[in-house]
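Inside the fold
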Amino acid sequence: MDYEEAIRYMQNAAAVGIKPGLERIAALLERLGNPERCLRAVHVGGTNGKGSVCACLTAVLVAAGYRVGTFTSPHLHSYTERFRIDGRPVAPARLTELIWEVKPALESLRREGVVPTEFEIHTALAFLFFAREAVDIAVVEVGLGGRFDATNVIFPEVAVITNVTLDHTDYLGETVEKIAWEKAGIIKSGVPVVTGATGAALGVIARECDVKGAPLFVLGRDFYPVERENDLSGQVLAVRGWWGAYEGLRLRLPGRHQQLNAACAVAASQLLAERGWRVDAAAIAKGLAAATWPGRLEVVRQEPVVVLDGAHNAAGAAALKEALTDYFPGRRLLLVIGMFADKERAAVAATLCPLAGAVVVTRPPGTRAGDWRELAALARRHAPAVCEVEEVAAAVAQALGFARPEDVVVITGSLYLIAAARAALLGLGRPDGS
């Protein structure tokens, strides 16, 4: 197989849709020799900010001198982005080899009537890759929920639950408490937990920690960030906690919400240090200064400024609104937006559309777009001018055509939309799997 053939095989071999449960991933990993059992890891769950925390933690651990595997999802442009060593994506040829290696196990399972989902195949590929590469530690992002997510076969050094808000309610439940119960499923006996959760969600997580004898460290109680400087090019902050304080930390990721994510990464790093890992203040400072995460408040063009941000739920939209208010006061905003049918379209439209002088609604790539024009009807309740353009690149061109050099074009919603828009703006070609 070449790379494209390998990707097509993987997609065609997978069960369709999202199917929570650990039976299929356990069966697949068993046939691969259970590579996950030789990995030491940090497990990162939560509603928003998981990828940013993974990026910060990876950069800190690399700065500390470790060989670090990182597994995140979804990708923006290539499947290779999901599987990283020291922050660098796996080479396409290496991913092809890994898929070829996994193929006999998939075929064997299929003959027995067991068909893993695509994400379960990705998870197995990640663990196999990291084991083959003999990483010192893996940073593993939860795909969906936690309790029945394919990644929840690892026993980590530290677990992080960034926050809990309403998202994926079709799969995780319609209340914050139910969603928190799912996310608290990554808590393991005796393993310390870092969380930014609040309110009822924090109560659920705290009870699970009590049951499992897992020490709990809470953002705002046991550690917290202190802003020193903040602009679109980055931030300077202190992170104070039970250990004392790390001062003068430079963070390349803009947005006040990233201060919270960085604080969670620092707290997790501190816990690793307390468990014998060689992570010190210098590594934390160097790592945070190096960490990047494309598609999150990312400026890709000037005159007009073009900002990409994957705000695909109500909490993400609120964070984006705060950032736009901070960084672009008094500037005219033009919004390009598209969201999947299973997302909080009404809440996001109510938060972001009143900020915009004009809104271009588009169809995010993928099978979950549903009636994408429904978002346009919702946008018309809040914005003076709304148009519908189905193809993403054309929607971006439409917004740029409306914009004056001093305006700000904000492209947001589904990360699949961000990927397509980013590819069009930067000339990167069509994303894998779109």
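Here, every reference points to the structure presented above.
Residues numbered from 1 in each chain as written. Predicted model: local features only at pLDDT ≥ 70, side-chain atom pairs only at ≥ 80, totals over all residues. Heavy atoms only, no water.

1. Let's talk about the overall build of the protein
Counting its regular elements, the protein contains 15 helices and 17 strands. Against the compact-globule benchmark of 22 Å for 434 residues, the protein has a radius of gyration of 21 Å, which places it among compact chains. Once the C-alpha set of the protein is aligned to its principal axes, its extents read approximately 55 × 55 × 40 Å. Going through the 434 residues of the protein one by one, you find that 59% of them count as buried. Contacts in the protein between residues at least 24 apart in sequence constitute 72% of all its contacts with a sequence separation of at least 6. Approximately 16,600 Å² of the protein is accessible, and the part contributed by carbon and sulfur atoms is 50%. (Helix = DSSP H or I, 4+ residues; strand = E, 2+ residues; numbered from the N terminus. Rg over C-alpha atoms; globule rule 2.2 N^0.38 Å. Buried < 20%, exposed > 50% of the residue type's maximum accessible area, 1.4 Å probe, protein only. Contact = heavy atoms within 4.5 Å. Areas by Shrake-Rupley, 256 points an atom, 1.4 Å probe, with all protein chains shown as cover.)

2. Quick notes on the packing of aromatic side chains
Following the criterion strictly, the structure yields nine aromatic pairs and no others. For the ring pair W242 and W243, a centre distance of 4.8 Å and an interplane angle of 80° mean the geometry is edge-to-face. One aromatic cluster in this structure is built from F217, F223, W242, W243 and Y246. If you follow K103 out to its NZ or CZ, it ends over the ring of Y9, 5.2 Å from the centre. (Phe/Tyr/Trp six-rings, centres within 6.5 Å; stacked < 30°, edge-to-face > 60°. Lys NZ or Arg CZ within 6 Å of the ring centre and 35° of its normal.)

3. Observations regarding the sheet that holds strand β15 (residues 356-361)
One open sheet holds the six strands; their spatial order is β12-β13-β17-β14-β15-β16, and the pairing between them is mixed. Edge positions in the sheet fall to β12 (298-301) and β16 (386-388), since each of these pairs with one other strand and no more. Each neighbouring strand pair of the sheet contributes to a mean axis angle of 25°, computed without reference to strand direction. Inspection of the sheet shows strand β13 (residues 305-309) paired to strand β17 (residues 408-413) by five bridges, in the parallel sense. Bridged to V307 within β17 is V410. Packed onto the sheet, helix α14 (residues 392-402) meets β12, β13, β14 (333-338), β15, β16 and β17 and runs at close to 160° relative to β15. (Pairing = 2+ DSSP bridges. Axes fitted to C-alpha atoms, helices over the stretch in contact; angles between N-to-C directions.)

4. Quick word on helix α3 (residues 50-63)
The end-to-end C-alpha distance of α3 is 20 Å, a good match for the 20 Å that 14 residues give at a rise of 1.5 Å each. Counting buried positions over the 14 residues of α3 gives 12, a clear majority of the element. Taken together, the buried positions of α3 are K50, G51, S52, V53, C54, A55, C56, L57, T58, A59, V60 and L61. Where α3 terminates, the next one or two residues include G65, which has phi positive at roughly 100°. (Expected span 1.5 Å × (residues − 1).)

5. Let's talk about helix α12 (residues 345-352)
Three or more residues of α12 are buried, namely R345, V348, A349, T351 and L352. Projected down its long axis, α12 carries its buried residues within an arc of 165°, all on one side. Check the buried side of α12 and you find it contacts α11 (314-327), β14, β15, α13 (374-379) and β17. (Arc of directions from axis to C-beta.)

6. Details of the pattern of salt bridges
Opposite charge on two side chains allows them to pair when their charged atoms are near. Per the counting criterion, the structure on display carries 23 salt bridges. The closest approach of N and O atoms between R256 and D326, which form a salt bridge, is 2.2 Å. Taken as a pair, R256 in helix α9 (residues 256-274) and D326 in helix α11 lie far apart in primary sequence, 70 residues in all. D326 gets classed as partly exposed once you look at its relative accessible area, which sits at 31%. In this structure, the salt-bridge partner of D407 is R404, at a minimum N-O distance of 3.2 Å. (Salt bridge = Lys/Arg side-chain N within 4 Å of Asp/Glu carboxyl O.)

7. Looking at the sheet that holds strand β10 (residues 234-241)
The strand order β9-β10-β11 describes an open sheet built from three strands, whose pairing is antiparallel. With partners counted over all chains shown, the strands left at the sheet margins are β9 (223-231) and β11 (244-251), one partner each. Within the sheet, the average angular offset between the axes of one strand and its neighbour, ignoring direction, is 15°. Across the sheet, α9 touches β9, β10 and β11, and the angle it forms with β9 is around 135°.

8. Some details on the environment of E406
Turning to its location among the elements, E406 is positioned in the loop between α14 and β17. When its relative accessible area of 43% is taken as the criterion, E406 is described as partly exposed. Linking E406 and E303, residues 103 residues apart in sequence, is a C-alpha distance of 6.0 Å.

9. Re the packing of helix α2 (residues 23-31) against helix α4 (residues 92-111)
As a packed pair, α2 and α4 sit with axes 9 Å apart at the nearest point and diverge in direction by 130°. As far as their axial angle goes, α4 and α2 are oblique. Relative to α4, the crossing made by α2 is right-handed. Contacts between α2 and α4 involve A27, L28 and R31 from the first element and V102, A105, L106, S108 and L109 from the second. Class assignment for the residues of the contact of α2 with α4 results in six nonpolar, one polar and one charged. (Parallel < 35°, antiparallel > 145°, perpendicular 65-115°, else oblique. Left-handed = near helix turned anticlockwise from the far one by under 90°. Nonpolar A, V, L, I, M, F, W, Y, C, P; charged D, E, K, R; others polar.)

10. Description of the state of the cysteines
The full count for this structure, using the stated rule, is zero disulfides. Sulfur of C56: no disulfide; nearest cysteine sulfur belongs to C54 and is 9.5 Å away. According to the relative accessible area criterion, C56 is buried, its value standing at 1%. (Disulfide = S-S within 2.5 Å.)

11. Description of the environment of E344
Along the chain, E344 turns up in the loop between β14 and α12. Judged by its relative accessible area of 24%, E344 is partly exposed. As a C-alpha pair, E344 and R422 span 78 residues in sequence and 23 Å in three-dimensional space. In this view, E344 contacts L166, N313, A314 and M339; residues no more than four positions away in its chain are not counted.

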